[in-house]
Amino acid sequence: MNTPSNNTPDLAGVSAPSYSSATTRPFYWSVRRELWENRSIYVAPLIVAVVVLFGFLVSTIGLPERRRDVLLLDPAKARVAIEMPYNVAAMMLIFTAFIVGAFYCLDALHGERRDRSILFWKSLPVSDLTTLLSKATIPLITLPLVTFAIIIATQAVMLLWTSVLLITHGMSPASTWTNFPMFQQSLILLYGLAAIALWHAPIYGWALLVSGWARRATFLWAVVPFLAIGFFEKITFGTSHFASMLKDRLMGFAPQAFAFNPHSIDCPRLTPLNYLSTPGLWLGLIFAAVFLAAAVWQRRYRGPI
């Protein structure tokens, strides 16, 4: 009599299903989902970079002759003239990143309610907090890093093209590389993008809150209340303190994060300690946290439109 074996043989070579012990990473895949579904995060800056490069290539017609005239100027004025195209390219791409980030936040929650995909995403084992944090990561971390990479690539192409053009006309490209030190400028750029992202955090938080609340016209709901408050203050009291506050929230990071010396040709000095000790920065981060918390609470009860 055969004794039954404890080892169950495979039937027709088919083994029992095995399950991976790898830990599920809902936050990581939530961020990946945002990148998959919102290609404008990197497509829009790339398009602007191509337009900037085309305009720069056209502007380099006659560059060697202009460079000879520029080198006869005062060193400070010569540096400003040489580095201006690179700074303009960076500013255009930074402005593009801000616009993309703002409109992304305005549609982040509204879009899934509009197309009713919120019913699917809420069925997954991903918390509302994880979902909101993954969406907030896009304008605060992902978009600045994407913008940094695109700006560096754009400026590198501009530098190489300028160097080739000067060399072919018998001139040294050292004037470009000396007045626009690529490595030093890249560090300043990375620091500046981080400072801008933190300073604009309450703007993105407010946009996410409006995105989860408004049934339509999210841009109007996000902007009109602030315009109404500004007009009311101006008409009623004749002051513009609220408008000044909004202006400071949009552009007030620079005086805090950098120390500019108009009489020096050196790059602006970084002042991270002064920036991190600015009350406006932490007040803005508190408001951003409040807006995100309200958006998380809102998502639990908001259904499709």
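How each quantity is defined
Residues numbered from 1 in each chain as written. Predicted model: local features only at pLDDT ≥ 70, side-chain atom pairs only at ≥ 80, totals over all residues. Heavy atoms only, no water. Helix = DSSP H or I, 4+ residues; strand = E, 2+ residues; numbered from the N terminus. Rg over C-alpha atoms; globule rule 2.2 N^0.38 Å. Buried < 20%, exposed > 50% of the residue type's maximum accessible area, 1.4 Å probe, protein only. Contact = heavy atoms within 4.5 Å. Areas by Shrake-Rupley, 256 points an atom, 1.4 Å probe, with all protein chains shown as cover. Lys, Arg positive; Asp, Glu negative; His and termini not counted. Charge placed at Lys NZ, Arg CZ, Asp CG, Glu CD. Expected span 1.5 Å × (residues − 1). Bend = angle between axes of the 7 residues up to and from the residue. Polar contact = N/O pair within 3.5 Å; in protein donor to acceptor, adjacent residues only side chain to side chain. Arc of directions from axis to C-beta. pLDDT = per-residue confidence, 0-100. Patch = residues over 30% accessible without salt bridge, like charges linked within 9 Å, V, L, I, M, F, W, Y side chains within 5 Å. Salt bridge = Lys/Arg side-chain N within 4 Å of Asp/Glu carboxyl O. Axes fitted to C-alpha atoms, helices over the stretch in contact; angles between N-to-C directions. Parallel < 35°, antiparallel > 145°, perpendicular 65-115°, else oblique. Left-handed = near helix turned anticlockwise from the far one by under 90°. Nonpolar A, V, L, I, M, F, W, Y, C, P; charged D, E, K, R; others polar. Phe/Tyr/Trp six-rings, centres within 6.5 Å; stacked < 30°, edge-to-face > 60°. Lys NZ or Arg CZ within 6 Å of the ring centre and 35° of its normal.

Draft legend 1. How the structure looks around the overall build of the chain. Along the chain, the regular secondary structure elements total 14 helices and two strands. Taking 305 residues into account, the globule formula puts the C-alpha radius of gyration at 19 Å, and the chain, at 26 Å, lies well above it. Referenced to the eigenvectors of the C-alpha coordinate spread, the extents of the chain come out at roughly 105 × 70 × 35 Å. Burial statistics for the chain: of 305 residues in total, 40% are counted as buried. When contacts within the chain are restricted to residue pairs at least 6 apart in sequence, those whose partners lie at least 24 apart make up 79%. For the chain, the computed accessible surface area is about 18,200 Å², with 71% contributed by carbon and sulfur atoms. Taking the average place of the 23 positive charges on the side chains of the chain and the average place of its 14 negative ones, the gap between the two points comes to 6 Å.

Draft legend 2. Layout of helix α4 (residues 75-114). Along its 40 residues, α4 runs 57 Å from first to last C-alpha, staying within 8% of the 58 Å computed at 1.5 Å per residue. When the local axis directions of α4 are compared, the greatest deviation, roughly 45°, occurs at M84, which is followed within four positions by the proline P85. The opening residue of α4, the one whose side-chain oxygen lies 3.0 Å from the backbone nitrogen of A76, is D74. Of the residues flanking the end of α4, it is R116, one or two places downstream, whose phi is positive at about 65°.

Draft legend 3. Here's a closer look at helix α3 (residues 63-70). Buried within α3 are the following residues: L63, P64, R67 and V70. Relative to the axis of α3, the buried residues are bounded by an arc of 115° and lie together on one face. Taken together, the buried residues of α3 touch α4, α6 (128-168) and α7 (174-179).

Draft legend 4. Quick peek at the confidence of the model for the chain. The pLDDT averaged across the chain works out to 87; a share of 91% of its residues lies at or above 70. Taken together, the stretch residues 1-22 has pLDDT below 50 and engages in one contact with residues farther than four places along the chain or on a different chain.

Draft legend 5. Highlighting a nonpolar patch on the surface. Together, F95, I99, F103, F219, L220 and V224 make up a nonpolar patch on the protein surface, roughly 570 Å² of accessible area in all. At the level of elements, α4 and α10 (218-237) are the ones that each hand at least two residues to the nonpolar patch. You can see I99 is positioned in helix α4. The class for I99 is partly exposed, based on a relative accessible area of 32%.

Draft legend 6. Broad picture of the packing of helix α2 (residues 40-59) against α4. One can describe the packing of α2 onto α4 by two numbers: an axis separation of 10 Å at closest approach and a directional angle of 155°. In terms of axis orientation, α2 runs roughly antiparallel to α4. As for how α2 packs across α4, the hand of that crossing is right-handed. For the pair α2 and α4, contact is made by S40, I41, A44, P45, V48, A49, V52 and F56 and by P85, Y86, A89, M92, L93, T96 and V100, respectively. Here the residues of the contact of α2 with α4 sort into 13 nonpolar, two polar and no charged.

Draft legend 7. Just the packing of aromatic side chains, in detail. In the structure shown here, the tally under the stated rule is 14 aromatic pairs. Seen in terms of ring centroids, Y28 and W29 are 5.0 Å apart; in terms of plane orientation they differ by 75°. Their pairing is edge-to-face. For Y28, a relative accessible area of 33% translates into the label partly exposed. Looking at W29, the relative accessible area reads 40%, which means it is partly exposed. With a centroid separation of 4.5 Å and 20° between ring planes, the pair formed by Y86 and F180 is classed as stacked. With Y86 in helix α4 and F180 in the loop between α7 and α8 (182-199), this residue pair connects regions lying 94 residues apart in the sequence. By relative accessible area, Y86 is classed as buried at 2%. Assessed through its relative accessible area of 0%, F180 is described here as buried. Here the aromatic cluster, defined as three or more aromatic residues joined through ring pairs, consists of W206, F226, F242, F287 and F291. In this structure, R25 is placed above the aromatic ring of Y28, and the distance from its NZ or CZ to the ring centre is 4.4 Å.

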